[in-house]
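Listed here are the chains, written in short residue letters.
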Amino acid sequence: MSLTGIEERMLIDGQLVKASSGRLYDNINPATEEVIGQVADASPGDMDRAIAAARRAFDETSWSTDLAFRKKCLEQLQTALAAERETLRPQIIAEVGAPLALTYAVQQDTCINDMSWDIGVAADFEWERDLPVSDFFGIKSRKKVVHEPVGVVAAITPWNFPFMLNVSKIVPALMAGNTVVLKPAPDTPWSATFIGKLAAEKTDLPPGVLNIVTAQHPAEVGDVLTGDPRVDMVSFTGSTAVGKHIARRGADTVKRIFLELGGKSASIVLDDADLGAALAGAVMGVCTHAGQGCAIPTRLLLPRSRYAECLEILADSMRKTKYGDPTNIENLMGPLVNARQRERVLGYIEKGKAEGARLLVGGGRPKHLEKGYFVEPTLFADVDPHATIAQEEIFGPVLAVIPFEDDDDAVRIANDSRYGLSGAVSSGSLDRAMAVARRIRTGTMSVNGGMWFGADTPFGGYKESGIGREHGLEGFREYLQTKAIAYPV
Ligand code: NAD
């Protein structure tokens, strides 16, 4: 797949610009380990200019009050992205290592289509409502509740579904009337700069409304962004560790902090479930995009009464999983995003063995793939619910199987986690599965293979998986302030 239309420049104050230092850094294809191009490496000064531009655009233009104009600009962006999807697709595959098939869905095409939902929800939103006349201290008043944008939004995104996550933040934040500074992950800059290029060249977005700042070392420019008093809100998706750091930094200026963080979700297969479907789904889940998904169930809870039978089906299914070159449509998984992630995942596998889990499939680097940051689909059985591989997010294709005694035991084990992002349950009885789903402390649940993902569906975490919701009406509301105005009758 040939790479064309690559954008090395950032978008600051309406201009596509190089870093002020002139510095660039390499973008590496994780499937081949080759340098595929470069991108601007911003300095703290570049970030400062982007924040200033966003602040000015919010304070001094009609962007925050002109909904019809916002709709026009975002529709222009959607049209431009749709027209350029075949230019973008190879870029996403090359920099993310994402399997081609996924780009026809959530890695790319789905979210371009879903922009219509976010644009529509803002257009139909009840921006104001009247309350009944009240009497307080003898003054009869009429009251209005008015929704307004929060202000300047810092959007910070990870590398696993970079384009989708960039779009998932930019579109509702802008449609709500905010201005945005997007800082994408260092490993996947083009999934952001391509949006900047189209925004600059194909839309009427005013200067400063959308800024995109790429940097190789996120801590430096990231800390400028999250500590700046001109920024009103940080919308962050990434690891729990960095999320906590950002929340601490935002505390000084009492920013609104919206966090989509890590997960260690459990899939529960009850003893009356259709094992074929449930176990195939579990393997597919953990292998999709090499397990690099925050909401993927990476703990599999199996009934003791059918344990041996389940393990046999699982091992067989995992051995048959197709993986390798992400440009091959048949491959469910490609590589991990970089060498550091691969070493991290291999480290967890060693830890799993050392802590006594039984390795059934995989467990290392695939022998037939000499280049690329690949790890074999890996299956551990007999995992202690408190073992490291059952508690910590691995972010690789590693499934930890834990046996349980009955429904109560399964619920207890599933909830015994500092995370609370997602989960799944399968049963022959929908009522039984629904009863279990309601007891799991997570933001989303799949019952019998149901797919919760969608533009209209709020997504986010309980506990250390985050604060707030992305997507859906709840996701749109994250980007709004609420004001009450009273006047005498
Ligand atoms: P990460 O936390 O290392 O980085 C996320 C983003 O934060 C990147 O853009 C990074 O450059 C930036 N960053 C790092 N330090 C910063 C700082 N000091 N100031 C400002 N920004 C900083 O996460 P990652 O490794 O890129 O992504 C994997 C993690 O993301 C996993 O934990 C995964 O569960 C999580 N994730 C969560 C969701 C969700 O919706 N809950 C979705 C996708 C990924």
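Throughout, a residue's number is its position along its own chain's written sequence, starting from 1. The predicted nature of this model means local features are confined to residues of pLDDT at least 70 and side-chain atom pairs, given and counted, to a pLDDT of 80 or more, with totals for whole chains, interfaces and linings taken over all residues. Side-chain numbers come from the whole structure's heavy atoms, not from hydrogens or water.

**Q** Please give an account of the overall build of the chain that cites residues and values.
**A** Helix numbers and strand numbers start at the N terminus; a helix is a DSSP run of H or I with at least 4 residues, a strand a run of E with at least 2. For the chain, the helix and strand inventory stands at 16 helices and 22 strands. Only C-alpha atoms enter the radius of gyration, while the globule expectation follows 2.2 Å times N to the 0.38, with N the number of residues. Taking 23 Å as the expected radius of gyration for a compact globule of 489 residues, we find that the chain reaches 23 Å, a close match to that expectation. Across its three principal axes, the chain shows a C-alpha extent of roughly 70 × 60 × 40 Å. Exposure categories follow from relative accessible area, calculated using a 1.4 Å probe and restricted to protein chains: below 20% of the type maximum is buried, above 50% is exposed, and the middle band is partly exposed. The buried share of the chain, taken over its 489 residues, is 58%. Only heavy atoms enter the contact rule, under which two residues are in contact if any of them lie within 4.5 Å. For the chain, long-range pairs separated by at least 24 residues make up 72% of all intrachain contacts whose partners lie at least 6 apart in sequence. Each accessible area is a Shrake-Rupley estimate made with a 1.4 Å probe; only the visible protein chains count as cover when residues are assessed. Surface summary for the chain: the accessible area is close to 19,300 Å², and the carbon and sulfur share equals 52%. Under the counting rule used here, the positive set is Lys and Arg, the negative set is Asp and Glu, and His together with the chain ends is not counted. Taken as the charge centre is NZ of Lys, CZ of Arg, CG of Asp or CD of Glu, depending on the residue. Charge separation in the chain, taken as the distance between the mean sites of 52 positive and 63 negative side-chain charges, equals 3 Å.

**Q** I'd like to hear about the domain arrangement of the chain, residue by residue, with values.
**A** Where interface size is given, it is often the accessible area lost as the parts come together that is meant. When cut into domains, the chain gives domain 1 (10-261 + 466-488) and domain 2 (265-454). Marked domain ranges trace back to an automatic or database domain assignment. Here domain 1 and domain 2 have C-alpha centroids that lie 31 Å from each other. Carbon and sulfur atoms make up 64% of the area that domain 1 and domain 2 hide from each other, which totals about 2,200 Å². Pairing of N or O atoms within 3.5 Å defines a polar contact, subject to two protein rules: one partner must be a possible hydrogen donor and the other a possible acceptor, and residues neighboring in sequence count only if both atoms are side-chain atoms. Taken together, the links from domain 1 to domain 2 amount to seven residue pairs in polar contact (both at pLDDT 80 or more). Elements with a contribution of two residues or more to the side of domain 1 that touches domain 2: helix H3 (85-96), helix H4 (100-103) and helix H9 (240-251). In this classification, Asp, Glu, Lys and Arg are treated as charged, Ala, Val, Leu, Ile, Met, Phe, Trp, Tyr, Cys and Pro as nonpolar, and every other residue, Gly included, as polar. Counted by class, the side of domain 1 that touches domain 2 contains 16 nonpolar, six polar and five charged residues. A simple way to read buried area is as the amount of 1.4 Å-probe accessible surface that goes missing from two parts once joined, with both sides added.

**Q** So, the pairing of strand E4 (residues 35-40): which residues are in play, and what are the values?
**A** The rule for pairing is simple: two strands pair if DSSP sees at least two bridges between them. Both strand E3 (residues 24-28) and E4 contribute to a ladder of five bridges, which runs antiparallel. Among the inter-strand pairings, Asp26 is bridged to a residue of E4, identified as Gln38. Taking the residues that link successive antiparallel strands as the turn, the E3-E4 hairpin has six residues, and the phi of Glu33 there is positive, at about 65°.

**Q** Account for the site of the ligand, naming residues and giving values.
**A** Whether a residue is near a molecule or strand depends on its heavy atoms: if one lies within 4 Å, it is near. Around the ligand, the structure places 29 residues, and the nearest of them are Thr157, Pro218, Ser239, Leu261 and Glu393. Here Trp159 contributes a side-chain N or O atom positioned 3.0 Å from an oxygen atom of the ligand. The contact in question runs from an oxygen atom of the ligand to an N or O atom on the backbone of Ala185, over 3.5 Å. Computed on the free molecule, the ligand has an accessible area of 840 Å², of which 91% lies beneath the protein chains in the complex. When contributions to the shell around the ligand are tallied by element, the ones reaching two or more residues are helix H8 (218-227), strand E10 (233-237) and H9. Considering every element that reaches the shell around the ligand, the biggest residue donor is H8, with four residues. Among the residues making up the shell around the ligand, the classes are represented as 17 nonpolar, eight polar and four charged.

**Q** Pulling in residues and values, what's your account of the packing of aromatic side chains?
**A** Given two aromatic rings, their pairing is described by the distance between the two centres and the angle made by the two planes. Any Phe, Tyr or Trp ring, taking Trp's six-membered ring, that has another such ring centre within 6.5 Å forms a pair; planes under 30 degrees apart are called stacked, those over 60 apart edge-to-face, and the others tilted. All chains considered together, the criterion is met by nine aromatic pairs. Ring centres of Phe258 and Tyr479 lie 6.1 Å apart, and the angle between their planes is 90°; this geometry places the pair in the edge-to-face category. Note that Phe258 is positioned in strand E11 (residues 256-260) and Tyr479 in the loop between helix H16 (472-477) and strand E22 (480-488), a separation of 221 residues in sequence. Accessibility assignment for this pair places Phe258 and Tyr479 in one class, buried.

**Q** Please provide a residue-by-residue account of the packing of H3 against helix H7 (residues 190-202), values included.
**A** Angles here are taken between N-to-C directions and fall from 0 to 180 degrees, while the axes themselves are lines fitted to C-alpha atoms, restricted in helices to the stretch in contact. One way to put it is that H3 packs onto H7 with a least axis distance of 9 Å and a crossing angle of 155°. Accordingly, the angle class assigned to the pair H3 and H7 is roughly antiparallel. In this structure, H3 contributes Thr87, Leu88, Gln91, Ile92, Glu95 and Val96 to the contact, and H7 contributes Trp190, Ser191 and Phe194. Residue composition of the contact of H3 with H7, grouped by class: five nonpolar, three polar and one charged. Angle categories are assigned with fixed cut-offs, so that under 35 degrees is roughly parallel, over 145 is roughly antiparallel, 65 to 115 is roughly perpendicular, and the rest are oblique.

**Q** Describe the pairing of E10, with residues and values.
**A** Burial of E10 is extensive: five of the five residues sit out of reach of the surface. With burial as the criterion, each face of E10 is covered, one bearing Met233, Ser235 and Thr237 and the other bearing Val234 and Phe236. With four bridges joining them, strand E7 (residues 152-156) and E10 adopt parallel strand pairing. Residue pairing for E10: Ile156 is matched across the bridge by Phe236. Throughout, right-handed denotes a crossover for which the path from the first strand over the helix to the second runs clockwise when the strands point away from the viewer. Following the backbone out of E10, through H9 and into the adjacent parallel E11, one traces a crossover that is right-handed.

**Q** Could you give me a rundown of helix H12 (residues 339-354), with the residues and numbers involved?
**A** Residues spaced three or four apart along an α-helix face the same direction, because each turn holds 3.6 residues. Expected span, for any helix, means 1.5 Å times one less than how many residues it has. In a regular helix each residue adds 1.5 Å, so 16 residues correspond to 22 Å; H12 covers 22 Å between its end C-alpha atoms and thus fits that length. The complete set of buried residues in H12 reads Gln341, Arg342, Val345, Leu346, Tyr348, Ile349 and Gly352. The buried residues of H12 occupy an angular sector of 155° when the element is viewed end-on, so they sit on one face. Summarising the geometry of H12, the exposed residues directed more than 90 degrees from the buried face are Arg340 and Ala354. Along its buried surface, H12 packs onto strand E15 (378-381), helix H13 (388-391) and strand E16 (398-404). Here H12 starts with a cap whose side-chain oxygen sits 3.2 Å from the backbone nitrogen of Arg340, and that cap is Asn338. Of the residues flanking the end of H12, it is Gly356, one or two places downstream, whose phi is positive at about 100°. Directions from the helix axis toward the C-beta atoms define the arc.

**Q** Pulling in residues and values, what's your account of the environment of Asp48?
**A** With respect to the helices, strands and loops of the structure, Asp48 is situated in helix H1 (residues 44-60). Filtering out sequence-adjacent residues up to four positions away, Asp48 remains in contact with Asp228 and Arg230.

**Q** Can you break down the packing of helix H10 (residues 275-287) against helix H11 (residues 307-319) residue by residue, with the values?
**A** Running from amino to carboxyl end, H10 crosses H11 at an angle of 45°, the nearest separation of the two axes being 9 Å. When the axis of H10 is compared with that of H11, the two are oblique. Of the two elements, H10 crosses H11, and the hand of that crossing is right-handed. Where H10 approaches H11, its residues Leu275, Leu279, Ala280, Val283, Val286 and Cys287 are matched on the opposing element by Glu309, Cys310, Ile313, Leu314, Ser317 and Met318. Two helices crossing with the near one rotated counterclockwise from the far one by less than a right angle form a left-handed crossing, whereas a clockwise rotation gives a right-handed crossing.

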